[in-house]
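# Descriptive analysis of the structure
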Amino acid sequence: MTLPAIVVLISGRGSNLRAIVEAAPPCRIAAVISNRPDAPGLDYAREKGIRTAVIDHTGFTSRDTFDQALRAAIDAHSPALVVLAGFMRILSDAFVGHYAGRLINIHPSLLPAYPGLHTHRRALADGVRLHGCTVHFVTSTLDSGPIIAQAAVPVQPDDTEASLSARILLQEHRLYPQAVRWFVQGRLVIAQGRVCVDRSVDPSVDRSIDAGVGAAVDGVAAVGAVGAANWPGTVALVNPPLDVPPD
Ligand code: GRF
């Protein structure tokens, strides 16, 4: 059986990579590519017998030449999907355009709130009551693009950056494998900038041998009408009931 290939890009510890490997969505991880030679996630990939590559950004004089080398390394595997999992490089418009509709990212906030770095610290400083994570298609604007799924967690009064990020990371590890699964099953549809999950597909049916896996999102713009029954993708509000003080 031919499984669709995915390529995972990392820069660090690779816990989301691990979550995807362990969840075993119906795809083949053709390669894990890091821009940092010392990324711990590379060791994990090697242990699992997954092919790895390093495209060290420090060896390039411009973003464009780095992106071109990265693109060549990715395209050698003809992936149906490219998964950014803690990949800490800003990608050029040309790179993002090349992978339009088959490049996804996980970001540790409820986008569009808190794009960029230090999301947990900023959320705590603002006193927000809910924080979370988002899986989204990548567009050329940083940490934006059609949202596939989100998970929210309550912020506790005694939270620190470390405790909040740990609680959210648990949800990232649920959310990202699920989004990858939907994609490789060909169930994600982008219409008018919003993502729907095709629920008409029996999830027990493995469609991974379809030649057109991912085709549903190739035309990022309009893919026709999407029934309300297919909305939402998922919003996993994973929390105990909020503690509302009496009037
Ligand atoms: C995660 O928090 C992810 O949301 C962000 O970078 C972190 C990567 O962690 N984009 P890991 O390398 O997957 O453990």
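Residues numbered from 1 in each chain as written. Predicted model: local features only at pLDDT ≥ 70, side-chain atom pairs only at ≥ 80, totals over all residues. Heavy atoms only, no water.

With that settled, consider the packing of helix H1 (residues 15-23) against helix H6 (residues 161-184). Look at H1 against H6: their axes get within 9 Å of each other, and the N-to-C directions meet at 50 degrees. In terms of orientation, H1 lies oblique with respect to H6. Read as a crossing pair, H1 and H6 show a hand that is right-handed. Two secondary-structure elements touch here, H1 through Ser15, Asn16, Ala19, Ile20 and Ala23 and H6 through Leu169, Glu172, His173, Tyr176, Pro177, Val180 and Arg181. Residues of the contact of H1 with H6, tallied by class, amount to 7 nonpolar, 3 polar and 2 charged. (Axes fitted to C-alpha atoms, helices over the stretch in contact; angles between N-to-C directions. Helix = DSSP H or I, 4+ residues; strand = E, 2+ residues; numbered from the N terminus. Parallel < 35°, antiparallel > 145°, perpendicular 65-115°, else oblique. Left-handed = near helix turned anticlockwise from the far one by under 90°. Contact = heavy atoms within 4.5 Å. Nonpolar A, V, L, I, M, F, W, Y, C, P; charged D, E, K, R; others polar.)

With that settled, consider the packing of aromatic side chains. Using the criterion set out here, one finds 3 aromatic pairs in the structure. Between Phe137 and Phe183, the ring centres sit 6.3 Å apart and the planes meet at 55 degrees, which makes this aromatic pair tilted. Pair noted here: Phe137 is in strand E6 (residues 130-137) and Phe183 is in helix H6, with a separation of 46 residues, a long-range link. Phe183 carries the same exposure label as Phe137, and that label is buried. Over the ring of Phe66 we find Arg89, and its NZ or CZ is 5.8 Å from the ring centre. (Phe/Tyr/Trp six-rings, centres within 6.5 Å; stacked < 30°, edge-to-face > 60°. Buried < 20%, exposed > 50% of the residue type's maximum accessible area, 1.4 Å probe, protein only. Lys NZ or Arg CZ within 6 Å of the ring centre and 35° of its normal.)

What surrounds the ligand is the set Arg13, Gly14, Ser15, Asn16, Gly86, Ile106, His107, Pro108 and Glu172. Within the backbone of Ile106, an N or O atom sits 2.9 Å from a nitrogen atom of the ligand. Side-chain polar atom of Glu172 to an oxygen atom of the ligand: 2.8 Å apart, as the coordinates give it. Protein burial of the ligand: of its 370 Å² of free accessible surface, 86% is covered by the chains. Contributing elements (two or more residues each) for the shell around the ligand: H1 and strand E5 (103-107). Of the residues that constitute the shell around the ligand, the class distribution is 2 nonpolar, 5 polar and 2 charged. (Near = heavy atom within 4 Å. Polar contact = N/O pair within 3.5 Å; in protein donor to acceptor, adjacent residues only side chain to side chain. Areas by Shrake-Rupley, 256 points an atom, 1.4 Å probe, with all protein chains shown as cover.)

Quick look at the pairing of E5 now. Burial analysis of E5 places 5 of its 5 residues in the buried class, the great majority of the element. Burial along E5 is two-sided: the residues Leu103, Asn105 and His107 and Ile104 and Ile106 are all buried. With 3 bridges connecting them, strand E4 (residues 81-84) and E5 associate as parallel partners. Counterpart to Leu84 in the pairing with E5 is Asn105. Following the backbone out of E4, through helix H4 (residues 93-98) and into the adjacent parallel E5, one traces a crossover that is right-handed. In this structure, E5 lies alongside E6, joined through 4 bridges in antiparallel fashion. Looking at E6, one finds that His107 is bridged to Thr134. (Pairing = 2+ DSSP bridges. Right-handed = clockwise from strand over helix to strand, strands pointing away.)

With that out of the way, let us pick up the pattern of salt bridges. For the structure on display, the rule yields 3 salt bridges. Its salt-bridge partner being Glu161, residue Arg121 comes within 3.3 Å of it at the nearest N-O pair. With Arg121 in helix H5 (residues 119-126) and Glu161 in helix H6, the pair connects residues that are 40 residues apart, well separated along the chain. Taking relative accessible area as the criterion, Arg121 reaches 44% and is therefore assigned partly exposed. (Salt bridge = Lys/Arg side-chain N within 4 Å of Asp/Glu carboxyl O.)

By the criterion of burial, strand E1 (residues 5-10) is predominantly enclosed, with 6 of the 6 residues buried. Along E1, one buried face is formed by Ala5, Val7 and Leu9 and the opposite face, lined by Ile6, Val8 and Ile10, is buried too. Examined bridge by bridge, E1 and strand E2 (residues 28-34) share 6 bridges and lie parallel to one another. Within E2, the residue paired with Ala5 across the bridge is Arg28. With respect to chirality, the unit in which E1 leads through H1 into the neighbouring parallel E2 is right-handed.

Counting 39 residues, the largest nonpolar core has Ile6, Val8, Val32, Val83, Ile104 and Ile148 as the members making the most contacts within it. Ranked by residue count, the leading element in this core is H6, at 9 residues. Counting residues in hydrophobic clusters, the runner-up holds 18 residues, among them Ala31, Ile55, Phe95 and Tyr99. (Core = buried A, V, L, I, M, F, W, Y, C linked by side-chain atoms within 4.5 Å.)

Purely geometric stuff here, so don't read any function into it on its own.
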